[in-house]
Amino acid sequence: LSIYSLLRSKYPHTPQAQQAKDHYYRIYSSSSVFLGEISVAEHLAEAKRLLLEGDLTHALERVHNAKAMVAEKSNAYLEALLLEAEILKKQQRNLEAERMLTIVANEGGLGTADVALLSLGKTYWNSNENNKALNIFQTLIRRFPSSPNIDEAYLLEGRVFEDLGKTAEGKESFQNVITSS
């Protein structure tokens, strides 16, 4: 199955990629492949490809399969929750996505919680819940100063400050983007 996934990721817009996808599903849905024969990483990689292709139902199925294979609160589980939240957002199931992101933000560390916090903050900001967004971005900045997402967090914090009419604080956040780079 890995060879089919590799073909689809390297040549996504070719007829062979579609044939590989079809063959992958025939093998996967047959009784000859068991859940444990496909790794968590393969399930998540396949879910990401399906998400990019817009096949949200099958993407969600792959995430659920991956989650079933690992212990709750493990890093792999939290990564699966992040991906599940992304899929749920695409399905306009924002409350469910928010719950997933909150779990990851509370249970995860660098690489998962910071990503969840950034996503939560963006969700609140896009919903004009600026005070919630500001709180989330400030939490990310405080908890994960070495996050690869720190510049974006400062930038978004500055934008939220501007939206709240706090231009001096916004300028300070924008300055932090410059000094942290």
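### Topic: unusual backbone geometry
Here Lys 73, not a glycine, exhibits a phi torsion of approximately 75°, which is positive. Following the sequence through the fold, Lys 73 ends up in the loop between helix H4 (56–68) and helix H5 (75–90). Judged by its relative accessible area of 53%, Lys 73 is exposed. Despite not being glycine, Gln 92 shows a phi value in the positive range, around 65°.

### Quick notes on the nonpolar core
Counting 45 residues, the largest nonpolar core has Leu 44, Val 63, Leu 83 and Ile 87 as its most contacted members. Mapped by element, the contributors of at least two residues to this core are helix H3 (40–53), H4, H5, helix H6 (94–107), helix H7 (113–126), helix H8 (130–143) and helix H9 (150–163). In this structure, Leu 83 is in contact with Leu 44, Ala 47, Lys 48, Leu 51 and Val 63, ignoring residues within four places of it in sequence.

### Observations regarding the packing of H8 against H9
With their axes 9 Å apart at the nearest point, H8 and H9 run at an angle of 150° to one another. Looking at the two axes, H8 sits roughly antiparallel to H9. Along this stretch, H8 crosses H9, giving a crossing that reads as left-handed. Here Asn 130, Ala 133, Leu 134, Phe 137, Gln 138, Leu 140 and Ile 141 of H8 lie close against H9, whose contacting residues are Ile 150, Ala 153, Tyr 154, Leu 156, Glu 157, Val 160, Phe 161 and Asp 163. Taken together, the residues of the contact of H8 with H9 break down into 11 nonpolar, two polar and two charged.

What counts as what
- Residues numbered from 1 in each chain as written.
- Predicted model: local features only at pLDDT ≥ 70, side-chain atom pairs only at ≥ 80, totals over all residues.
- Heavy atoms only, no water.
- Helix = DSSP H or I, 4+ residues; strand = E, 2+ residues; numbered from the N terminus.
- Buried < 20%, exposed > 50% of the residue type's maximum accessible area, 1.4 Å probe, protein only.
- Core = buried A, V, L, I, M, F, W, Y, C linked by side-chain atoms within 4.5 Å.
- Contact = heavy atoms within 4.5 Å.
- Axes fitted to C-alpha atoms, helices over the stretch in contact; angles between N-to-C directions.
- Parallel < 35°, antiparallel > 145°, perpendicular 65-115°, else oblique.
- Left-handed = near helix turned anticlockwise from the far one by under 90°.
- Nonpolar A, V, L, I, M, F, W, Y, C, P; charged D, E, K, R; others polar.

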